[in-house]
Amino acid sequence: ADPITNGTSDSRDTINDVKPAHVAPAAALSLARVCGPSRSKCGYCGGKRMNVLELDDGHNTVLPIPKENNNSASTNRSTQNGKSMDQIDSTKTSKSYGLLFDSLPYDTYEDLINHGWRRSGKHLYRPHNLESCCPALSIRLDSSKFASRSNPQKSKIADDAESSVLVGGSKSQRRVGKILLRALNEYNSKCLPSEDDSVNASNLANIQLDSSDAKKATKQATCSTDERHHLKKKSRRFSPCRGNDQTMPAALEIREFDRASLQEFESTEQHFLHEMAKLTYKELTKQAIVTVNNEQAPNSTEKLDKPKWAWWNDSESDEIPKWCTFKLVPQEGGFIKASTVACAAASGRSRGALGKLELARAVIDRLKENANTHLQSNKSSRIRQVTEVTVHEKSGHVHIILDVSGILATAPSAAVKNISAQKQQPKNAANDKADPIQEMISRYGKVDQQFNPNATVPLTDKSVPRFLTVRSTPVYESSLQPEVHRLFCLYQSKTHGDFNPFADLDDSSSFRDEVHEYNYYKQKNLPGFLDIDVAYRLLDENRRDRIKTSYVIFYKFLCETPVPTAAAESNPICASNEDGYDIGIPFGTYHQQYRLSTSNDVFDGPLVAVGVLDVLPHCISSVYAFYDPIFSARLELGKYTALREIEWVRRASKYRTELKYYYLGYYIHSCRKMTYKAEYKPSELLCPVTSKWVDFETAKEVLEERSPDRHCCALVDMPHSAEGEASAAARKQSCVDKMALDIGTIAEESQVVRVEMLNGQGRELVDPVVTEFVNEVGVDMCSRFVIKLA
């Protein structure tokens, strides 16, 4: 008889034969190596939020600590695992459970993601949110509901170069793509041949090197009268001196001069604008107090308590909140529009208790009564009169139309000539260095020559136009490119303070001598593992050893993957490229590389960013992103890579009907650096207790109301019954009994037994580990795995 099992050795199965009774016939078993629970230093607060582990908000369904009365003044310290909170190491306030996989089917990996799991290389982990200082909740976005950038009117003017750069989203998110496009256009404008100064409109449209202002002026000079009227109506810039017969440079000069005049006008009219803001604030406060009194006690004359959203103070003060101020917007025909968002802001602050249009109508009546009176009392004002006070029905913004005819329309010729002379002057060297693309190309060239002096293509020619090209490179192909690892080291050094072996030449004590680990990996002949000795053969041995240590970390973190790459012919669509989006790639893990290429049709030039993606049948999971931090300081590459990945999902979903979601990783409510993920709307958060997806706005309200300190609780209510709990416990125990264990290799085949086959001594050793595994993975999924304990 076998010393471990109750049967003979013949009762064992191979890993390919075992099919537990509760496994679906089509299920593919995956070998899971158990790492178990572990504690580490919190990467978000560094242990500063350690005190929240003592708190009980009173709404958590599962707590790692005894409940306390929040209202009591007791100073007793709560305990965790028999230890006082004073004894818990502040560097180990984050807890998670980990597993290692060599390979995972797509559907199993997707289901794990939907249960709160994330991966780092081949290591999958799930945070223990109720036992961590900074709870991490999975967040995802429905790409079909994300705001697209498509606009029928704009699409007629946009070309392929623009379509490959611009992204969708909110106004501020679309601005990220526009800034990058403007930087490319400004850099490329320097590459125009100097002998051809008179570039016509068609040439500008073809080579796409003009700025957005030049495009509008060029379009206006060549379009029909009706189209020109539409463009003038669409433009929000004040340019009353611009005529149809003006040249493009003149129009741009006058427009810039008017902008300066507008700023001067705003400074001289500060008194009037302040009085209008003061009137608006007083009327809003008056209307809000009346509404509150009517709701609480219509017939009472007593002073009532203010609601939580109240913005006013009991004491009189001339201080006006920023959301009540007026912003000037120039109009054609000698008028200026002073606009305020105060009514909409007040309605939002009251969470809908105050109607923005009702507030706007009251404010308009107040302004109409007093606006012209203030103008007459102010002799130094250059405003002729207030001609109209209106409200925008959709937004609730209030507009005051000011007559300033004859004030801003005339521009001194000397000022215009001065601006024209400034524009014609060649930029000095300091301005050239300020160009982010030129700086990036120069720096890339120096680094490339330092580590690869025999490169056949320098790719640093500053006279060549640049285009942003993006390509999804298979992970084991990208890991063989030295510049990818160099970019990762630069990003980690500038962003997280990690050691950079390519820049830090001193003998730092923080250097981790793990060259033996590199040699171990190299001997295993892993796919896509770069030979540092060959790639950097011109460097000294000590420097190469440091690079090897860094490369092992990079490879284990962002190159190793349990996600298999599907065959190209198995993809639902053939290789396809839509406006620079390679949406035809098969399932698998990719490094989505961003380069400043010399053409839209090639993929060369400096590498500026890399996004690590898992392309799956129903979703795209964003694993990590790193980029050149110097180049990104002005161009926000972190936001841009996320927006482009969302656009990739949206475009690919037209051909892959099951593809829908974009997973952004973890949302940490207590960490400001991670709350930016909520800006991609509409998103959903995963409930840490029920593993149900909940609308973000609803989930945020629940977190702030039920768990204001810990930021972790059940986001949806759970039905409780003794009968249901007993049934769940019995089902869990059945799963534990039928779990498959890999107990080693015999005759080059993995031998598998079920837990129920073990004798008493074996179960005593194995049951705690298997039970914990079932609790972490879930009873619905545990049957897909074979557990390897060692």
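Here the structure is a predicted model, which is why all the values come from computation and not from measurement.

Reading guide: rules and limits
Residues numbered from 1 in each chain as written. Predicted model: local features only at pLDDT ≥ 70, side-chain atom pairs only at ≥ 80, totals over all residues. Heavy atoms only, no water. Helix = DSSP H or I, 4+ residues; strand = E, 2+ residues; numbered from the N terminus. Buried < 20%, exposed > 50% of the residue type's maximum accessible area, 1.4 Å probe, protein only. Contact = heavy atoms within 4.5 Å. Areas by Shrake-Rupley, 256 points an atom, 1.4 Å probe, with all protein chains shown as cover. Axes fitted to C-alpha atoms, helices over the stretch in contact; angles between N-to-C directions. Parallel < 35°, antiparallel > 145°, perpendicular 65-115°, else oblique. Nonpolar A, V, L, I, M, F, W, Y, C, P; charged D, E, K, R; others polar. Polar contact = N/O pair within 3.5 Å; in protein donor to acceptor, adjacent residues only side chain to side chain. Left-handed = near helix turned anticlockwise from the far one by under 90°. Expected span 1.5 Å × (residues − 1). Core = buried A, V, L, I, M, F, W, Y, C linked by side-chain atoms within 4.5 Å. Pairing = 2+ DSSP bridges.

1. Re the overall build of the protein
Turning to step 1, where the next piece is worked out: Tallying secondary structure elements over the protein gives 24 helices and 22 strands in all.
Turning to step 2, where the next piece is worked out: For the protein, with 790 residues in total, the buried portion stands at 47%.
Turning to step 3, where the next piece is worked out: The long-range share in the protein, meaning contacts at least 24 apart out of those at least 6 apart in sequence, stands at 69%.
Turning to step 4, where the next piece is worked out: For the protein, the exposed surface amounts to about 40,300 Å²; the carbon and sulfur share of it is 49%.

2. What to know about the packing of helix 4 (residues 171-189) against helix 14 (residues 436-451)
Turning to step 1, where the next piece is worked out: Between helix 4 and helix 14, the shortest axis-to-axis distance is 8 Å and the interhelical angle comes to 75°. As judged from the angle between their axes, helix 4 and helix 14 are roughly perpendicular. Note on element contacts: helix 14 touches helix 4 through Ile 437, Gln 438 and Ile 441, opposite Ala 183, Leu 184 and Tyr 187.
Turning to step 2, where the next piece is worked out: Tallied by class, the residues present in the contact of helix 4 with helix 14 amount to five nonpolar, one polar and no charged.

3. A look at the side chain of Thr 340
Turning to step 1, where the next piece is worked out: With respect to the secondary-structure elements, Thr 340 resides in strand 10 (residues 335-340).
Turning to step 2, where the next piece is worked out: Here the side chain of Thr 340 touches Thr 325 through a polar contact of 3.1 Å, landing on its backbone oxygen.
Turning to step 3, where the next piece is worked out: Leaving out residues up to four positions away in the same chain, Thr 340 has contacts with Trp 323, Cys 324, Thr 325, Phe 326, His 397 and Val 398.

4. Comments concerning the packing of helix 23 (residues 722-738) against helix 24 (residues 760-777)
Turning to step 1, where the next piece is worked out: Close contact between helix 23 and helix 24 brings their axes to 9 Å; oriented N to C, the two are set at 125°. Viewed along their axes, helix 23 and helix 24 adopt a mutual orientation that is oblique. At the point where helix 23 passes helix 24, the crossing takes the right-handed sense. Side by side, helix 23 and helix 24 meet where Lys 732, Gln 733, Cys 735, Val 736 and Asp 737 of the first sit next to Arg 763, Asp 767, Val 770, Thr 771, Val 774 and Asn 775 of the second.
Turning to step 2, where the next piece is worked out: A per-class count over the contact of helix 23 with helix 24 returns four nonpolar, three polar and four charged.

5. A look at helix 21 (residues 637-652)
Turning to step 1, where the next piece is worked out: Taking 1.5 Å per residue as the helical rise, helix 21 with its 16 residues ought to reach 22 Å, and the 22 Å between its terminal C-alpha atoms agrees with that figure.
Turning to step 2, where the next piece is worked out: Taking burial as the measure, the 16 residues of helix 21 include 13 buried ones, the bulk of the element.

6. Quick notes on the nonpolar core
Turning to step 1, where the next piece is worked out: Counting residues in each nonpolar core, the largest one holds 125 residues, and the members touching the most others are Phe 626, Trp 648, Leu 685, Val 770, Phe 773 and Phe 785.
Turning to step 2, where the next piece is worked out: With eight residues, helix 21 is the largest single contributor of residues to this core.
Turning to step 3, where the next piece is worked out: Aside from chain neighbours lying at most four places away, what touches Trp 648 is Ser 472, Tyr 581, Asp 582, Ile 583, Ile 585, Gln 592, Val 615, Ile 620, Arg 656 and Leu 659.
Turning to step 4, where the next piece is worked out: Core analysis: the next-biggest nonpolar cluster, separate from the first, contains 40 residues, Tyr 281, Ile 364, Leu 375 and Val 398 among them.

7. Focus on the sheet that holds strand 14 (residues 588-597)
Turning to step 1, where the next piece is worked out: Spatially, 13-14-15-16-17-8-18-19 is the arrangement adopted by the eight strands of the open sheet, whose pairing is mixed. Two strands close off the open sheet at either side, each with one partner strand: strand 13 (467-474) and strand 19 (693-695). Taking each pair of neighbouring strands and ignoring which way they run, the sheet shows an average axis angle of 30°.
Turning to step 2, where the next piece is worked out: Pairing of strand 18 (residues 683-686) with strand 19, which is carried by three bridges, proceeds in the antiparallel orientation. Residue Leu 685 lies in a different strand from strand 19, and its bridge partner there is Val 694.
Turning to step 3, where the next piece is worked out: Contacting strand 8 (137-142), strand 15 (607-615), strand 16 (619-627) and strand 17 (661-667), helix 1 (residues 106-113) crosses the sheet at an angle of about 75° to strand 16.

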